[in-house]
Amino acid sequence: MFRFMGKSTASLVGAIVILCCCCSISHVTCDASDHRYKEGDSVPFYANKVGPFHNPSETYRYFDLPFCSPANVEEKKEDLGEVLNGDRLVVAPYKLDFLIDTEPESICKKRLTRKEVAQLRVAVLKDYFFTMYYDDLPIWGFLGKFDSEDQDETTATKVYLFNHLHFEILYNKDRIIDVFIRNDPKGVVDLTEDREVDVDFTYSAKWTPTDITFDKRLEKYSQTSLLFSHMEIHWFSIFNSCVIVLLLTGFLATILMHVLKNDFVKFTHDEEAVDDDEESGWKYIHGDVFRYPRYKSLFAAALGTGSQLFTLAILIFMLALVGVFYPYNRGAMFTALVVIYALTSGVAGYTAASFYYMIEGRNWVRNLILTGTLFSGPLFLTFCFLNTVALAYNSTAALPFGTIVVIFLIWTLVTSPLLVLGGIAGKNSRPEFQAPCRTTKYPREIPQLPWYRRTLAQMAMAGFLPFSAIYIELYYIFASVWGHQIYTVYSILFIVFIILLIVTAFITVALTYFQLAAEDHQWWWRSFLCGGSTGLFIYWYCMFFYNARSDMYGFMQTSFFFGYMACICYGFFLMLGTVGFRASLIFVRHMYRSIKCE
């Protein structure tokens, strides 16, 4: 088992990447061979969902609104990622055959009741828009328009519903290149008054040739991220991060290493002349610095979970850099996250169990249970609450019972067994903690420290610098995840992520040295908390983004935003905390190995 976890790591990672690529792009490769049509061929056309433009989580099924619904709504079979993304595709009530122009044609004539008029009026006032997919190309459109900026004064607002949609479709030989909707300003129905209204829902289509090739038809969706002005900001973000790294590197090189050099000279010169009782600084606590931390099981579980999330982030970046998450590859990101998280649970089990035994822990079963629930437990509780909210709103964000069963089976049949196998491998590896100094029987008393050397103040300093290295890029990520912008510059994001890791490691090492120099030997948990404190700053940015940068509103959207962002920031806390502790451990071992400890 240990051989599998050790020597075959590359094979395991390769299998994970291949499996995720297959899961994520299987429908893409299949569709690519079916994207050729002949005149008159039927083209797949699906209606997806509707919802407020400013609330990306609050989405509803297309036919939840009183449109022309067929007697039997035909649903498209969706994969796991699409369901997690809230997609609920149904066959659209439009017939747009390849290269066949369509004159204004009626779908149905319908008399809207007063209740349905009120429903549509509220939808228009809340900027509801719909999403459709024609030949896997996304289409957006607003339901209507209103002529007042004050949406609360509904009595003084003229509300109109678009009842005619004109589709303009671009094609290149036998391939569809682009499709978009133009609303006819005359094709509207007045919904201002609370009365029954007769509506004739119509549509038309126009086919136009283009020179754009099929392999470039999705480029326009990523052009926003690649605009010169935006690229300047992205590169400024990297420059800002690099400056912080250089400042920290210079700080460590000129100050920290200089102090250490003086310490080494002093301790070496006075080694035989100075008694142990006369020692001061970090050498004074050499008998306590490698004393194992309290709450060993929790500490090992946090390191195991952080290592798993770090592995998850690296593999997601690998898939992003090879182009798996291209614009509007529906559900690919969610599928990859679920599959990779399940398959990397062995990393958490192995890391937690091996470290737990390394620091002389004994109850490895409890440690594995804690490792398996440390992140997934809060995530599960958050999901239960938010899914209940989505069910109350009848939103597509609520997962169907079948999908919940599938996720439970993945957790039961894949995640848990791999976690146990990794734990057994870590337990059987019998690792030894390599401490250059012998630990004394009784711990020394820690001197009274000023406020700026205590945990909360150190966490604030440790989290601010890494956060300042990434905050510029955070806006674009938030605008993509919680808005309608498309993020495609994964290479720049990966560079920023590497810089984040470097800055986190550097600042944690520096603070660990100052803590030891102040004769405070309880650095284990402190280094983990300082490394992970960036996650707290990111959550603070969530509050700023919600209030100052977004137009989100309502209980459902607010709970979804802060609920899931709390889980994401908690994951960053565990991952960066692991990076901070590992860097500090390497530094402390090197520092105490350089002197002779009695």
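Just above sits the structure.
In this report, we go over the structure that sits alongside the text. Note that the structure is a prediction, hence the values are computed from the model and not measured. The written sequence of each chain sets the order in which its residues are numbered from 1. In view of the model being predicted, local features appear only for residues whose pLDDT reaches at least 70, and side-chain atom pairs are presented and counted only at 80 or more, with totals across whole chains, interfaces and linings using the full set of residues. Remark: hydrogens and water are excluded; side-chain values derive from all non-hydrogen atoms of the structure.

Side note on helix α16 (residues 534–549)
Note the cut-off: Working definition: with a 1.4 Å probe on protein chains only, accessible area under 20% of the residue-type maximum means buried, over 50% means exposed, and in between means partly exposed. Helix numbers and strand numbers start at the N terminus; a helix is a DSSP run of H or I with at least 4 residues, a strand a run of E with at least 2. It is the directions from the helix axis to the C-beta atoms whose arc is reported. We call two residues in contact whenever any of their non-hydrogen atoms come within 4.5 Å of each other.
Buried within α16 we find Thr534, Gly535, Ile538, Tyr541, Cys542, Phe545 and Tyr546. All buried residues of α16 fall inside an arc of 140° around its axis, so they share one side. In this structure, α16 carries Leu536 and Asn547 as exposed residues pointing more than 90 degrees from its buried face. Next to the buried residues of α16 lie α13 (455–481), α14 (490–517), α15 (524–532) and α17 (555–593).

A few points about empty space enclosed by the protein
Our working rule: Two kinds of site are reported from a 1 Å grid over the protein atoms alone, namely cavities, where a 1.4 Å probe fits but cannot get out, and pockets, open sets with protein on both sides within 12 Å along at least five of seven lines, and residues are called lining when an atom falls within 4 Å of a point. Grid points are joined across faces, edges and corners, and a volume is the space filled by probe spheres set on the points.
Overall, the coordinates contain four cavities of 30 Å³ or more when judged by the stated rule. As a volume, the largest cavity reaches approximately 160 Å³. Taken together, 17 residues line the largest cavity, and the ones lying closest to its centre are Tyr62, Tyr94, Phe162, Leu165 and Phe201. Elements supplying a minimum of two residues to the lining of the largest cavity: β5 (128–134), β8 (159–162), β9 (164–172) and β12 (197–209).

Remarks on the sheet that holds β12
In a beta sheet, neighbouring strands pair by backbone hydrogen bonds and run either parallel or antiparallel. Using the following cut-off: For two strands to be treated as a pair, DSSP must find at least two bridges joining them. Angles shown run from 0 to 180 degrees and are taken between the N-to-C directions of axes, each axis being a line fitted to C-alpha atoms and, for helices, limited to the stretch in contact.
The strand order across the open sheet built from four strands is β4-β12-β9-β10, with neighbouring strands paired in mixed fashion. Of all strands in the sheet, those with a lone pairing partner are β4 (102–112) and β10 (175–183), marking the two edges. Strand-to-strand twist across the sheet, computed as the mean angle between neighbouring axes with direction ignored, equals 20°. As judged from the eight bridges shared by β9 and β10, these two strands associate in the antiparallel manner.

Here's the deal with the environment of Ser468
By the secondary structure assignment, Ser468 is in helix α13. Sequence separation of Ser468 and Ser241 is 227 residues, and the distance between their C-alpha atoms is 7.6 Å. Among all residues touching Ser468, those that are not within four sequence positions of it are Asn240 and Ile244.

Overview of the state of the cysteines
Keep this limit in mind: Two cysteine sulfurs form what is called a disulfide whenever their separation falls within 2.5 Å.
Taken as a whole and judged by the stated rule, the model has one disulfide. Between the sulfur of Cys68 and that of Cys108 lies a disulfide, 1.7 Å long from S to S. Note on the Cys68 and Cys108 pair: the S-S dihedral is about -75°, so by sign convention the disulfide is left-handed. Taken together, the positions of Cys68 in the loop between β2 (60–61) and α3 (80–84) and Cys108 in strand β4 put the pair 40 residues apart, joining distant regions of the chain. Here Cys542 stays free of any disulfide, with the sulfur of Cys569 as its closest cysteine sulfur at 4.3 Å. Here Cys567 stays unpaired: no disulfide links it, and the sulfur of Cys569, its closest cysteine neighbor, is 9.5 Å away.

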